[in-house]
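# An overview of the molecular structure
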Amino acid sequence: GAVVSQHPSWVICKSGTSVKIECRSLDFQATTMFWYRQFPKQSLMLMATSNEGSKATYEQGVEKDKFLINHASLTLSTLTVTSAHPEDSSFYICSARDPAGGVVNEQFFGPGTRLTVL
Amino acid sequence: GENVEQHPSTLSVQEGDSAVIKCTYSDSASNYFPWYKQELGKRPQLIIDIRSNVGEKKDQRIAVTLNKTAKHFSLHITETQPEDSAVYFCAASYTGTASKLTFGTGTRLQVTL
């Protein structure tokens, strides 16, 4: 149980275009999902907390108008990178908490999406 | 906010030896401390976690210790194997509506034959 999927697994786009990444909880309902960004040989940095039915909470330094998050259902959160530039190239990983799970704080991670902006 | 420091950044051990990775955290409210193993291009994989009401937890070759007073926790891997080679991350979180995870900077473990 507690499986999280992401789509696409990798994407290449031209500078200035927008890219949407989907994060789905497959076998549980997730009221809260998290979006992380990981640059090569670096740690996971939390970008924002996605709350079902309400606005996302962004971490300091993350532009909310550039990284649009929508959590319209209990099983789906999307991250849209708008007007992408080469410096946005990174590994984007989502995670979700299962409120019905045994460990309150445990997060289940998606497989990640490799974004390359040319 | 929470700040998690992790050492060492790289660690090379011979197969069969033990490996220890240490982390410190700053927020005394943190009460959940997971450890993740991440292989190149893959998702972080939870390998063990500990809550603040426990001082030590063990799962086969892996153990984690927690010192709440000193605000540090450590990962111990015994009898290391080549397949243990990966990047390991510690993290800290507290029970709450957000339960955000703050990650350490990572340790690249290399197990040599």
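Right, let's walk through the structure included here. (Residues numbered from 1 in each chain as written. Chains lettered and ligands numbered in written order. Predicted model: local features only at pLDDT ≥ 70, side-chain atom pairs only at ≥ 80, totals over all residues. Heavy atoms only, no water.)

## Concerning the overall build of chain B
A tally of helices and strands in chain B yields 0 helices and 11 strands. Counting from the amino terminus, chain B carries its helices and strands in the arrangement β-β-β-β-β-β-β-β-β-β-β. Seen through its C-alpha atoms, chain B measures out along the principal axes to roughly 45 × 30 × 20 Å. Taking all 113 residues of chain B together, the buried fraction comes to 44%. Residue pairs at least 24 apart in sequence account for 53% of intrachain contacts in chain B once pairs closer than 6 positions are excluded. Taken together, the 12 basic and 12 acidic charged side chains of chain B have centroids lying 6 Å from each other. (Helix = DSSP H or I, 4+ residues; strand = E, 2+ residues; numbered from the N terminus. Buried < 20%, exposed > 50% of the residue type's maximum accessible area, 1.4 Å probe, protein only. Contact = heavy atoms within 4.5 Å. Lys, Arg positive; Asp, Glu negative; His and termini not counted. Charge placed at Lys NZ, Arg CZ, Asp CG, Glu CD.)

## Some words on the layout of surface pockets
Considering only enclosed or pocket space, the largest pocket measures out at about 580 Å³ in volume. Around the largest pocket, the lining is made up of 25 residues, and of these Met45, Leu46 and Glu59 of chain A together with Glu2 and Thr102 of chain B lie nearest the centre. Looking at the lining of the largest pocket, the elements that each hand over two or more residues are strand E5 (45-51) of chain A together with strand E10 (102-103) of chain B. When residues in the lining of the largest pocket are grouped by element, the largest group, 3 residues, is from E5 of chain A. (1 Å grid on protein atoms, 1.4 Å probe; cavity = no way out; pocket = protein on both sides within 12 Å on 5 of 7 lines; lining within 4 Å. Points joined across faces, edges and corners; volume = space filled by probe spheres on them.)

## What about the packing of aromatic side chains?
One pair of aromatic rings is described through two measures. These are the centre distance and the angle between the planes. Summed over the entire model, instances satisfying the criterion amount to 11 aromatic pairs over all chains. On the basis of an interplanar angle of 45 degrees and a centroid distance of 5.7 Å, the ring pair of tyrosine 36 of chain A and phenylalanine 109 of chain A is categorised as tilted. Taken together, the residues tyrosine 36 of chain A in strand E4 (residues 32-38) and phenylalanine 109 of chain A in strand E10 (residues 107-109) connect sequence positions 73 residues apart. Ring geometry for phenylalanine 109 of chain A against tyrosine 36 of chain B: centres 5.3 Å apart, planes inclined by 85 degrees, an arrangement best described as edge-to-face. Pair noted here: phenylalanine 109 of chain A is in strand E10 and tyrosine 36 of chain B is in strand E4 (residues 32-38), and the two residues belong to different chains. By the burial criterion, phenylalanine 109 of chain A is buried, and tyrosine 36 of chain B matches it. Through a chain of ring-to-ring contacts, the aromatic side chains of Tyr36 and Phe109 of chain A together with Tyr36, Phe89 and Phe103 of chain B assemble into a single cluster. (Phe/Tyr/Trp six-rings, centres within 6.5 Å; stacked < 30°, edge-to-face > 60°.)

## Regarding the pairing of strand E1 (residues 4-7) of chain B
All names here are of chain B. What you see with E1 is a clean split: Val4 and Gln6 sit on the buried side and Glu5 and His7 on the side with no burial. One ladder, built from 4 bridges, connects E1 with strand E3 (residues 19-25); its direction is antiparallel. Pairing of glutamate 5 across the sheet is with threonine 24, part of E3. (Pairing = 2+ DSSP bridges.)

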